[in-house]
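Inside the fold
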Amino acid sequence: MLTLPNLLTLSRIVAVPLLVAFLWWPRWEAGFGIAFALYCLMGITDYFDGYLARAQGAVSRLGAFLDPIADKIMVAAVILMLVGTRHDDMALITGVHLIAALIILLREIAVSGLREFLAGLQVSLPVSRLAKWKTTLQLVAFGALILAGALPAETWIKATGLACLWAAAALTLVTGWDYLRVGLKHMD
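Residues numbered from 1 in each chain as written. Predicted model: local features only at pLDDT ≥ 70, side-chain atom pairs only at ≥ 80, totals over all residues. Heavy atoms only, no water.

What about the environment of L118?
Within the fold, L118 resides in helix α4 (residues 97–120). Taking the C-alpha atoms as reference, L118 lies 39 Å from I157; in sequence the two are 39 residues apart. Once residues within four sequence positions are removed from consideration, L118 is found in contact with V123, L125, G183 and H186. (Helix = DSSP H or I, 4+ residues; strand = E, 2+ residues; numbered from the N terminus. Contact = heavy atoms within 4.5 Å.)

Considerations on the confidence of the model for the protein
Any segment with low pLDDT has predicted coordinates that should not be analysed in fine detail. Looking at the protein, pLDDT values average 86 and 96% of them are 70 or higher. Taking the mean pLDDT of every element in the protein, the minimum, 85, falls on α4 and the maximum, 92, on helix α5 (residues 129–150). (pLDDT = per-residue confidence, 0-100.)

Notes on the packing of aromatic side chains
Under the criterion given, the structure shown has five aromatic pairs. With 5.1 Å between their ring centres and 80° between their planes, Y47 and F48 make a pair best called edge-to-face. The exposure class of Y47 is exposed, given its relative accessible area of 52%. According to the relative accessible area criterion, F48 is partly exposed, its value standing at 36%. Over the aromatic face of Y179 sits the side chain of R115, whose NZ or CZ is 5.3 Å from the ring centroid. (Phe/Tyr/Trp six-rings, centres within 6.5 Å; stacked < 30°, edge-to-face > 60°. Buried < 20%, exposed > 50% of the residue type's maximum accessible area, 1.4 Å probe, protein only. Lys NZ or Arg CZ within 6 Å of the ring centre and 35° of its normal.)

Examining the environment of A141
Tracing the backbone through its elements, the reader meets A141 in helix α5. Remark: the alpha-carbon pair of A141 and A168, spanning 27 residues in sequence, is separated by 8.0 Å.

Given below as structure tokens:
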């Protein structure tokens, strides 16, 4: 069912290879600038697909399936690109900050697996308010780090991105543990 909300979600999935392409070259500041604009557009569509689906009464199983996949694909792609394509002297996520990125990435995988397991038991795992704050901090962190690649002289942008990354990682641990506790109640 290709409603406007589902098309917005699909557009995020289709945009990920473009985002990766603009983040690919380590010293291409204009590419990071374009990637930042695209990333912001993807964030806006993430908000509006859910808003429109609820407002229009168009919440669908396809949308419920695709939305978290689109989010996780984008998060994983951005983490890999910020870690993997920069030279060490220009890395945006490196050293101890890799731990925060790894926490976020592993939680995304673990919660996806938990949701899939619980879906088989017909148990839903609703998104908590704290998880929404985690997502917001995560989106701000990645946006700031992408922008830092476009404006490397503005060191405060990278510092802000890394601070938000660690805050998101902390909330990731808390919300991941909350979800795991709920899931453990349904395991034999």
